[in-house]
Amino acid sequence: LVPGADPSARQLCFAWGPAEVLVCETLFGRAGAGTAARALTGSVAGAGEGAPNSSRVFVVRKDQDIYIQTLRKLFNESHGIFMGLQRSEEELAGKSRKAQLVQVSKNYRSVIRACMEDMHQAAVSTRDPALQGQYSTQVSILSAMELIWNLCEILFVEAAAAGPLLLRLLDWVRLHVCDVDSMVREVLSSESPSKHKLFWNVVDVFVLQGRMDEARHLLSKEATANPTSMNMYKILDDLMKKMPVPSLGNTQTLTELELKWQHWHEECQRYLQDGTFASNPHMESICKILLGDEDAILEKKELMTTWYHFLVTRLLYSHPTVKPLELRFYAQSSMDLFLGGESSPEPLDMILMAAFEFEMHQVIKECSIVLSNWWFVAHLTDLLDHCKLLQSHNLYFGSNMREFLLLEYASGLFSHHSLWQLGVDYFDHCPEYGRVYLELHIERIPLSTEQKALKVLRICEQRQMHEQVRSICKIMAMKALRNNRLGSALSWSIRAKDAAFATLISDRFLKDYCERGCFSDLDLIDNLGPSMLLSDRLTFLGKYREFHRLYGEKRFPEAARLLLTLMTAHIAPCSFWMTLLTDALPLLEQKEVIFSAEQTYELMRCLEDLTAGNPDKQKFQDDDVETTKVEMLRLALARNLARVIVKEGTVEGS
Amino acid sequence: QVSVINTVDTSHEDMIHDAQMDYYGTRLATCSSDRSVKIFDVRNGGQILIADLRGHEGPVWQVAWAHPMYGNILASCSYDRKVIIWKEENGTWEKTYEYTGHDSSVNSVCWAPHDYGLILACGSSDGAISLLSYTGDGQWEVKKISNAHTIGCNAVSWAPAVVPGSLIEQPSGQKPNYIKRFASGGCDNLVKIWKEEDGQWKEEQKLEAHSDWVRDVAWAPSIGLPTSTIASCSQDGRVFIWTCDDASGTSWSPKLLHKFNDVVWHVSWSITANILAVSGGDNKVTLWKESVDGLWACISDVNKGQGGVSAVTEGQQNEQ
């Protein structure tokens, strides 16, 4: 499976990624004490066989279908139908509920058909043979899915009863056995159809599919072209017209139908035995078919192409009032007769057979194995569950089959860059494990843009997934910090309520300020509001900026008071005191005296605390700039003190 | 059904021992006997070499990505007895810490759940397990469990973070009291479970079932159930699934997954813990799932050079 991997004595090493498995060739041989010898011989052997081959890592993944562009519509639209179904009125009982569910089923099928159409268009319009092959395969897969779904709809969702059951099955066959369509078209569009060599084939097709009117119409053409057979034609036509079929309305009971049918059957029998059609083998074979003669029907194998077509035809002409539970017997024998031991049943055949046998679980199981992704089984099972048809079939983690399949399907969606959003909704509707699966998966979505992160966050917040919210905010904060976007980092860490990180970033801001003399992201800092209290450093940052603002607005006394509080209330870190004191200088040098005596004493005390208690006293003294600063401060403080004492000592008005 | 979606040619000059995707599946780290650790960007099926990290002096055995909230951090361990922690700073990858506290090959590294902080467990052939905790400002605190396994420790794996009594509302902003646990496997054929109590690491449980060296242990992610699950594999060819049903974490019972014909080197859980991948003899990677009645069944094998994947029906045990 893994191409190019050397099948010699190499082993596979692997690891799980969020959605995929990594596989790489290696040779295990850890050198534990005592196995060094083993390890070395192992790797030497490996080296001897052409070690250069071992440098590749394969990324392997299940379920690649989500990447097929044309299937995107399928996933999106079926998501809409799914959601509609989950929210639909449970209170509707009986018939109306059933009608509703059948409509849902039909909607799913029409989505499949639409997708088939698109896929077909794509196949036709592409020139790349490989792609074409791919598309064609997809078309046949989708077609098979629709075939199965349709049958399930008839048997399980609608649960058609004897009578209508046959009609539905006829519709089903007519819709899905299309191999003969081109032949039919060819004959019908020719100038004189009755002369066409395939004329009788087409008539047979119509008869086999129970399309009496169309068969009679064609036969009339033959009759006008061949007046000699007019008599035979009239009788056959009459028989075909009179054939009793189940009706959809309640106009007749089954018993009535059976009686009528019995009479009609006997009439056909008489005509056949009288040799009425002896001279025209085609018409005779049609009569035999009408009588449900298995051999006659089987002769037309090529026109039916499948055993289930054969089954329905058989039922039409021998047991039109077949009951649902009787289907299994006819189905099995039909398949056996049709395949006749020449070929063995394919997976599709087994799935359909399981459906005819009303083994729903079997159908789902077989489909899960055969199909390459969980889409089909997940949605079908969900629908069947809503029809209350699945008993709670407990799997090991105690959740039922519906949930199991939905979890698998939704998990698969998460590796896609945009389809993951659909996955969220599916998880929401898995009552047991949906939430925890969502938690595990949503953390793994790459947060490539801020928008995406916000989207993910909103989803988490809506569902009160606080851990995930915090985690995501922290990741975004770290990312922003790495890219030097301090403002963004700060707002993310506030949102994450991450005090430690906020402190870190505030420090960075302050450092920046010291180096450049100005703040970045002023808007953010100015509007911190109560979130300022998240961390002490952040509070300081906010207040410090406020100080600058006050200063800018020339509200000096307030600024002065704030500045002092920053130090005395220990909001400011010691490392910053020097800067603050330096900031105080211009205030001290103002013409107006701003700091009161008491405030000045406080400032002086702060300065002394700073210089005295400083363990780097030596460094302090050695640094000329620092010493000068300290000197200047002392001078300014002293001068201010002098002025303020005088001012405060002066009595007003004297 | 599995299909290969990308092949990364790492250009390692020697055997690759480990390859790990980062949290989001966007980057791939590989390490090799050629002593280097390489990091690739593998988005959209591409493979761009981002970094070629040199620093080890011997084969590098394992790499492990830390949680993205701590930045882009990768740990690697090697035969040269060193554990190196690499960090991406300003777009370049650099060594940010080197730990040399072991006396022989360090075989396994594993990052703890992000809720505990940035903590790395390292298992070594000298029988000890070290726990490196980041305390800030480029500083790491080391705690060592000596003689964790006689002869050597081959694997370490952390338990998922579960807050005890998590049904009770924690006052916001308060750090919940986590009980930290991890599992280790060693050359004494044992799997041990370690628990942190009052800042000290103590051996909580000894799980005996293997008859030869335990090569790998993997603690399954939590899906909200009160049970804990550990997978262990060994040179005796057996893979055991250990489950513990109660919150007290004292009674572990093993279940044999399978007896392979050859050494089983590696076990690993998918992120929702529903599939266990086993790398073992016969050059196969097999995927296992537990079915209704508690039996484990192989759901597929990734087989080298042997045609398609055979999807063995796991449902055979499903039907009653």
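Model, not experiment: these values are computed from the prediction.

Chemist: What am I meant to see in the environment of His-386 of chain A here?
Modeler: Topologically, His-386 of chain A is positioned in helix H18 (residues 375-386). C-alpha of His-386 of chain A to C-alpha of Arg-402 of chain A: the two residues are 16 residues apart in sequence and 9.8 Å apart in space.

Chemist: Any chance you could explain helix H32 (residues 624-649) of chain A here in plain terms?
Modeler: Side chains of residues three or four places apart in an α-helix project in the same direction, reflecting 3.6 residues per turn. The end-to-end C-alpha distance of H32 of chain A, which contains 26 residues, comes to 37 Å, matching closely the 38 Å that a straight helix rising 1.5 Å per residue would cover. Considered for burial, the residues of H32 of chain A that qualify are Glu-626, Val-630, Leu-633, Ala-636, Leu-637, Asn-640, Leu-641 and Val-644 of chain A.

Chemist: Explain the packing of helix H9 (residues 230-242) of chain A against helix H10 (residues 254-273) of chain A to me, please; I cannot follow it from the model alone.
Modeler: A pair of packed helices is characterised by two quantities: the angle between their axes and the separation of those axes. All names here are of chain A. Where H9 meets H10, the axes come as close as 10 Å, and the angle between the chain directions of the two elements is 165°. It follows that H9 is roughly antiparallel to H10 by the angle criterion. Seen along the crossing, H9 lies across H10 with a hand that is left-handed. On H10, the residues touching Ile-235, Leu-239 and Lys-242 of H9 are Trp-264, Glu-267, Cys-268 and Tyr-271. Within the contact of H9 with H10, the residues separate by chemical class into 5 nonpolar, no polar and 2 charged.

Chemist: Explain the pattern of salt bridges to me, please; I cannot follow it from the model alone.
Modeler: Between side chains of opposite charge, pairing is possible as soon as their charged atoms come close. Residues and elements named next belong to chain A. With the rule as written, the count across this model stands at 48 salt bridges over all chains. Here Glu-608 makes a salt bridge to Arg-634, at a shortest N to O gap of 3.0 Å. Of this pair, Glu-608 sits in helix H30 (residues 597-612) while Arg-634 sits in helix H32, and the two are 26 residues apart along the sequence. Via salt bridges that share partners, Lys-106, Arg-109, Arg-113, Glu-146 and Glu-153 belong to a single interconnected network.

Chemist: What is the right way to read the sheet that holds strand E4 (residues 36-41) of chain B from this model?
Modeler: Strand pairing in a sheet takes place through backbone hydrogen bonds and is either antiparallel or parallel in direction. Residues and elements named next belong to chain B. The 4 strands lie next to each other as E2-E3-E4-E5, forming an open sheet whose pairing is antiparallel. Strands with a single pairing partner mark the edges of an open sheet, and in this sheet they are strand E2 (16-21) and strand E5 (48-54). Within the sheet, the average angular offset between the axes of one strand and its neighbour, ignoring direction, is 20°. Looking at chain direction, E2 and strand E3 (residues 27-32) are connected through 5 bridges and run antiparallel. Within E3, the residue paired with Met-21 across the bridge is Leu-28.

Chemist: Help me understand the confidence of the model for chain B in this model?
Modeler: The predicted coordinates should not be examined in detail at positions where pLDDT is low. Residues and elements named next belong to chain B. Averaged over all residues, the pLDDT of chain B equals 83, while 83% of them reach at least 70. Of the regions scoring below 50 in pLDDT, residues 166-171 engages in 2 contacts with residues more than four places distant in sequence or in other chains. Across residues 303-320 the pLDDT falls below 50, and counting only partners more than four positions away or on other chains, this stretch makes 47 contacts in the model. Across the whole predicted complex the pTM is 0.81, and at the interface the ipTM reaches 0.81.

Chemist: Sorry if this is basic, but what is going on with the UniProt feature "repeat: WD" (unreviewed entry) in chain B here?
Modeler: All names here are of chain B. What UniProt calls "repeat: WD" (unreviewed entry) maps, in this numbering, to residues 9-50, 53-96 and 207-242. Between the end C-alpha atoms of residues 9-50 the distance is 13 Å, and the span holds 0% helix and 52% strand. Secondary structure across residues 53-96 divides into 0% helix and 59% strand, with the first and last C-alpha atoms of the span separated by 12 Å.

Chemist: Would you take a moment to explain the domain arrangement of chain A for this structure?
Modeler: Buried accessible area, meaning the area lost when the parts come together, often serves as the stated size of an interface. Residue and element names in this part refer to chain A. What the domain assignment lists for chain A is domain 1 (1-27 + 54-61), domain 2 (172-322), domain 3 (447-553) and domain 4 (573-653). Centre-to-centre separation of domain 3 and domain 4, based on C-alpha positions: 33 Å. With 9 residues of domain 3 in contact, the opposing surface of domain 4 contributes 8 residues. Taking both sides of the interface into account, the surface hidden between domain 3 and domain 4 amounts to around 700 Å²; carbon and sulfur atoms contribute 78%. When the area that domain 3 buries against domain 4 is broken down by residue, the three leading residues are Phe-540, Tyr-544 and Tyr-551, summing to 54%. At the junction of domain 3 and domain 4, the tally comes to 0 salt bridges. Those elements that provide at least two residues to the side of domain 3 that touches domain 4 are helix H25 (499-516) and helix H27 (536-552).

Chemist: Would you mind going over the packing of helix H3 (residues 94-125) of chain A against helix H4 (residues 129-157) of chain A with me for this structure?
Modeler: Residues and elements named next belong to chain A. Between H3 and H4, whose axes approach to 9 Å, the crossing angle comes to 165°. If you check the angle between H3 and H4, you find them roughly antiparallel. Seen from above, H3 lies across H4 with left-handed handedness. Of the residues that constitute the contact of H3 with H4, the class distribution is 15 nonpolar, 7 polar and 6 charged.

Chemist: When you look at the packing of aromatic side chains in this model, what are you seeing that I'm missing?
Modeler: Both the distance between ring centres and the angle between the ring planes are used here to describe each pair of aromatic rings. Under the definition given, this model contains 40 aromatic pairs over all chains. Aromatic pair Phe-199 of chain A and Trp-200 of chain A: ring centres 5.2 Å apart, planes at 80°, arrangement edge-to-face. For the pair shown, Phe-199 of chain A and Trp-200 of chain A are each scored as buried. Their ring planes at 15° and their centres at 5.4 Å tell us that Tyr-97 of chain B and Trp-140 of chain B sit as a pair that is stacked. Separated by 43 residues along the polypeptide, Tyr-97 of chain B in strand E9 (residues 92-99) and Trp-140 of chain B in strand E13 (residues 139-145) bring together distant segments of the chain. Both residues of the pair, Tyr-97 of chain B and Trp-140 of chain B, belong to the buried class. Every member of this aromatic cluster is reached through a ring pair, and the members are Tyr-513, Phe-540, Tyr-544, Phe-547, Tyr-551, Phe-556 and Phe-576 of chain A.

The rules behind these values
Residues numbered from 1 in each chain as written. Chains lettered and ligands numbered in written order. Predicted model: local features only at pLDDT ≥ 70, side-chain atom pairs only at ≥ 80, totals over all residues. Heavy atoms only, no water. Helix = DSSP H or I, 4+ residues; strand = E, 2+ residues; numbered from the N terminus. Expected span 1.5 Å × (residues − 1). Buried < 20%, exposed > 50% of the residue type's maximum accessible area, 1.4 Å probe, protein only. Axes fitted to C-alpha atoms, helices over the stretch in contact; angles between N-to-C directions. Parallel < 35°, antiparallel > 145°, perpendicular 65-115°, else oblique. Left-handed = near helix turned anticlockwise from the far one by under 90°. Contact = heavy atoms within 4.5 Å. Nonpolar A, V, L, I, M, F, W, Y, C, P; charged D, E, K, R; others polar. Salt bridge = Lys/Arg side-chain N within 4 Å of Asp/Glu carboxyl O. Pairing = 2+ DSSP bridges. pLDDT = per-residue confidence, 0-100. UniProt positions renumbered as here; feature names shortened; annotations may be inferred. Domains from an automatic or database assignment. Buried area = accessible area lost by both parts, 1.4 Å probe. Phe/Tyr/Trp six-rings, centres within 6.5 Å; stacked < 30°, edge-to-face > 60°.

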